[in-house]
Structure formats: C-alpha cells, structure tokens
Amino acid sequence: MKLDTKTIAQLAEHLETCQLEARDTPKITDQHPDMDWDDAYAIQREILRRKLGRGRRVIGLKAGLTSHAKMKQMGVTSPVFGFMTDDYVVPDCGEVKVAELIHPKVEPEIAFVLKHPLRGPGCHVGAVLAATEYLLPGVEVIDSRYRDFKFDLKSVIADNTSASRFVVGGVPTAAAGIDLTTLGVVMEKNGEPVAMGVGAAVLGNPASAVAMLANHLASHGEEIPAGAVVLSGGITEAVAVAAGDTVTLRVHGMGATTLRFV
Ligand code: 0L1
Ligand code: MG
C-alpha cells in the first residue's frame, strides 16, 4: 500500500461527504497519483466502516464495469466491486429524489439473491447457479462522485464504484432452466426503449461476474453472504436520468421493475 491510514481515512471522509451532500469532486488520483489497488479498496472499506458505524446495514454487493459496452464507455479493461447499504434500496415503483444525487444514470442488470453463501477462490458459474435462490430484474442508479463521471479505475473503486441506489422487482425466478447468456432485457425511459441487450454482454454470462466477486472477496477473507442481493453489472451503457423520468426494466420471463425520478 502507498497511502497511510490517516490519508485513507481522510479520502474516505471526503468521498462519503460528497455522496451525502450531493456534490462532485475531481478524481482522487489527481492528488494521489501513486495510490495502488489495495489503497483504493481500503478507502472503499473505510467508507463502509463509516456507514456501519452510523447503523447502516449491508443489503447487497455489486460488480461493475462488467460489460464490454461499459468498459468501452469508461475506457477501462477490468471489473470493479462495491457494496450497497439499506439506504440505497428503492422499493419497486418507488421514487428517487434527484436532489440527493449529483448526476444519476441507470443501468439494466440481473440481480442474484443467494440461498447459500459463496466463497472463493475458485468460485465458478456452476457454483453461483447452485447457490442462487432466485434471479430478479434490477436497475442500478449510479452516481459517480467525480466531476463529469471522469475517473480512473482506482478512483472509482475508492468511490464504491459509483453505487447510490437500486431497485429490484418483477418475478423471482429460479436460475434452473434459464439461459442467462441469451436472456433479453429492454430498459425504457418514459415509455420509450432506450437500451436493449442480452445477458452475454456481462462477461459472457452474468453469473461469471458473481463468481468474480466471490473470488475478489476471498482475497480479503470474505464471502458473499446468503440473502445478499448481488447486482451482476450493467448489460448496456448507462443512461442519464433527470427529475420527471420514469425508468422500467423488462427482463424476458421475469417481469419488470420500475423507478421514478422526482
Ligand atoms: O455499476 C457499474 O458498472 C458502475 C461502475 C463504476 C463506473 C461508473 O460510474 O460508470
Ligand atoms: Mg452497475
């Protein structure tokens, strides 16, 4: 690691304050160009520690930048991982207050809810499917704390991978019998389709992203707990939203989930 404990704590406080006050910041690597991957995840873990200290609970975990579309959009080459606390949950058909966010975007995802914990290393698609209780359509609202969504991979990891809100809904669907690679999704904004894709856009199979998350957590001695909601990553590029927009994600055979921006 290149950063000391005090700097990690200061950067975590800075990024979390930007989140809580809905204001943006230049990317942190501008001031700390030498920070490494361990520093980036240490800052993210310190943000989580602060939230847990205020009584928040971890509800889910996420993989991000998992599709070639997203990687191309952001100019990066590998996925990133983050957490979601209880205040990130939007009820199905619920509202997101845009004033609480900086510059939100939405992305269509497949959510996994696990019946058994998943622990790496060596976690693979088969283990993920065996541990999955059901799948759901999910929309992630990302809201990078970095000005104009301009960041590098280390900065975005420290910023908990832009996590801010998410909704899941539709029909809880067993993974057995579903071909996740050809699973089709349509995301609508104000009734118009704005993004379409299939599961294979996420690392060939969204379950691969969950396996990678389990293997990543194993390097910190952690696992994906049973009951966690896991967002497997955007199937398409993210779409900007504003107050007044309604977003619906339809996933073939799994129904739909909706959220409204006010
Ligand atoms: O969930 C995601 O794919 C987002 C990862 C962070 C990058 C971004 O803000 O787009
Ligand atoms: Mg995402």
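Look up: the structure comes first, before these words.
Residues numbered from 1 in each chain as written. Chains lettered and ligands numbered in written order. Predicted model: local features only at pLDDT ≥ 70, side-chain atom pairs only at ≥ 80, totals over all residues. Heavy atoms only, no water.

Draft legend 1. Structural detail: the sheet that holds strand β3 (residues 94-96). The 5 strands lie next to each other as β3-β12-β11-β7-β8, forming an open sheet whose pairing is mixed. Of all the strands in the sheet, the pair left with one neighbour each is β3 and β8 (192-198). Going from strand to strand, the sheet's axes swing by 25 degrees on average, the running direction of each strand aside. Relative to strand β12 (residues 255-261), strand β11 (residues 246-251) runs antiparallel, the two sharing 6 bridges. Bridging from a neighbouring strand, valine 247 pairs with leucine 259 of β12. (Pairing = 2+ DSSP bridges. Helix = DSSP H or I, 4+ residues; strand = E, 2+ residues; numbered from the N terminus. Axes fitted to C-alpha atoms, helices over the stretch in contact; angles between N-to-C directions.)

Draft legend 2. Layout of the coordination of the magnesium ion (ligand 2). Every protein donor of the magnesium ion (ligand 2) is listed here as Glu107 (OE), Glu109 (OE) and Glu140 (OE), and their distances to the metal cover 2.0 to 2.1 Å. Sequence spacing of the donors to the magnesium ion (ligand 2): E-x1-E-x30-E. Accessibility assignment for this pair places glutamate 107 and glutamate 109 in one class, buried. (Donors = N, O, S within 2.8 Å, 3.2 Å for Na, K, Ca; no water. Buried < 20%, exposed > 50% of the residue type's maximum accessible area, 1.4 Å probe, protein only.)

Draft legend 3. Representation of the pattern of salt bridges within the structure. In total, this model carries 16 salt bridges according to the counting rule given. A salt bridge links glutamate 16 to arginine 50; the shortest N-O distance between them is 2.9 Å. Residue glutamate 16 is found in helix α1 (residues 5-21), and its partner arginine 50 is found in helix α2 (residues 37-53); the two are separated by 34 residues along the sequence. Note that glutamate 16 and lysine 51 form a salt bridge whose closest N and O atoms lie 2.9 Å from each other. Of this pair, glutamate 16 sits in helix α1 while lysine 51 sits in helix α2, and the two are 35 residues apart along the sequence. (Salt bridge = Lys/Arg side-chain N within 4 Å of Asp/Glu carboxyl O.)

Draft legend 4. Examining the pairing of β11 more closely. Two strands pair when backbone bridges link them, and strand β7 (residues 184-189) and β11 are joined in this way by 5 bridges, in the antiparallel orientation. Each residue of the ladder has a partner; that of methionine 187, found in β11, is leucine 249. Hairpin connection, β11 to β12: the antiparallel pair is bridged by 3 residues, and glycine 253 has positive phi, about 80 degrees.

Draft legend 5. Seen up close, the pairing of strand β1 (residues 58-64). The element β1 is largely enclosed, with a buried count of 5 among its 7 residues. Sheet topology places β1 next to strand β2 (residues 80-85); 6 bridges connect them, and they run antiparallel. Bridge pairing in β2 links leucine 61 to phenylalanine 83. Relative to strand β9 (residues 229-231), β1 runs parallel, the two sharing 3 bridges. Within β9, the position partnered with lysine 62 by the bridge is leucine 231.

Draft legend 6. Spatial organisation of the site of ligand 1. Within the structure, ligand 1 sits among 13 residues, and Lys62, Leu65, Lys70, Glu107 and Ser162 are positioned closest to it. At 2.9 Å from an oxygen atom of ligand 1 is found a side-chain nitrogen or oxygen belonging to glutamate 140. A distance of 2.5 Å separates an oxygen atom of ligand 1 from a polar atom in the side chain of serine 162. Expressed as a share of its isolated accessible area of 300 Å², the protein-covered part of ligand 1 is 100%. Of the residues that constitute the shell around ligand 1, the class distribution is 6 nonpolar, 3 polar and 4 charged. (Near = heavy atom within 4 Å. Polar contact = N/O pair within 3.5 Å; in protein donor to acceptor, adjacent residues only side chain to side chain. Areas by Shrake-Rupley, 256 points an atom, 1.4 Å probe, with all protein chains shown as cover. Nonpolar A, V, L, I, M, F, W, Y, C, P; charged D, E, K, R; others polar.)

Draft legend 7. Structural detail: the packing of aromatic side chains. Going through the model one piece at a time under the given rule, you end up with 2 aromatic pairs. Relative to phenylalanine 151, the ring of phenylalanine 149 lies with its centre 6.5 Å away and its plane at 55 degrees, an arrangement referred to as tilted. Taken individually, phenylalanine 149 and phenylalanine 151 each receive the classification buried, so the pair is uniform in this respect. Members of the aromatic cluster, connected to one another through ring pairs, are Tyr146, Phe149 and Phe151. Seen from the ring of phenylalanine 149, lysine 105 lies directly overhead, with NZ or CZ sitting 4.1 Å from the centre. The ring centre of tryptophan 37 lies 4.9 Å from the NZ or CZ of lysine 154, which sits over that ring. (Phe/Tyr/Trp six-rings, centres within 6.5 Å; stacked < 30°, edge-to-face > 60°. Lys NZ or Arg CZ within 6 Å of the ring centre and 35° of its normal.)

Draft legend 8. Focus on α2. For α2, built from 17 residues, the straight-helix expectation of 24 Å at 1.5 Å per residue is met to within 8% by its first-to-last C-alpha distance of 24 Å. Looking at the buried side of α2, the elements it contacts are α1, β1, β2, α5 (153-158) and α6 (206-218). With a side-chain oxygen positioned 3.1 Å from the backbone nitrogen of aspartate 38, the residue opening α2 is aspartate 36. A positive phi of about 95 degrees marks glycine 55, the residue just after α2. (Expected span 1.5 Å × (residues − 1). Contact = heavy atoms within 4.5 Å.)

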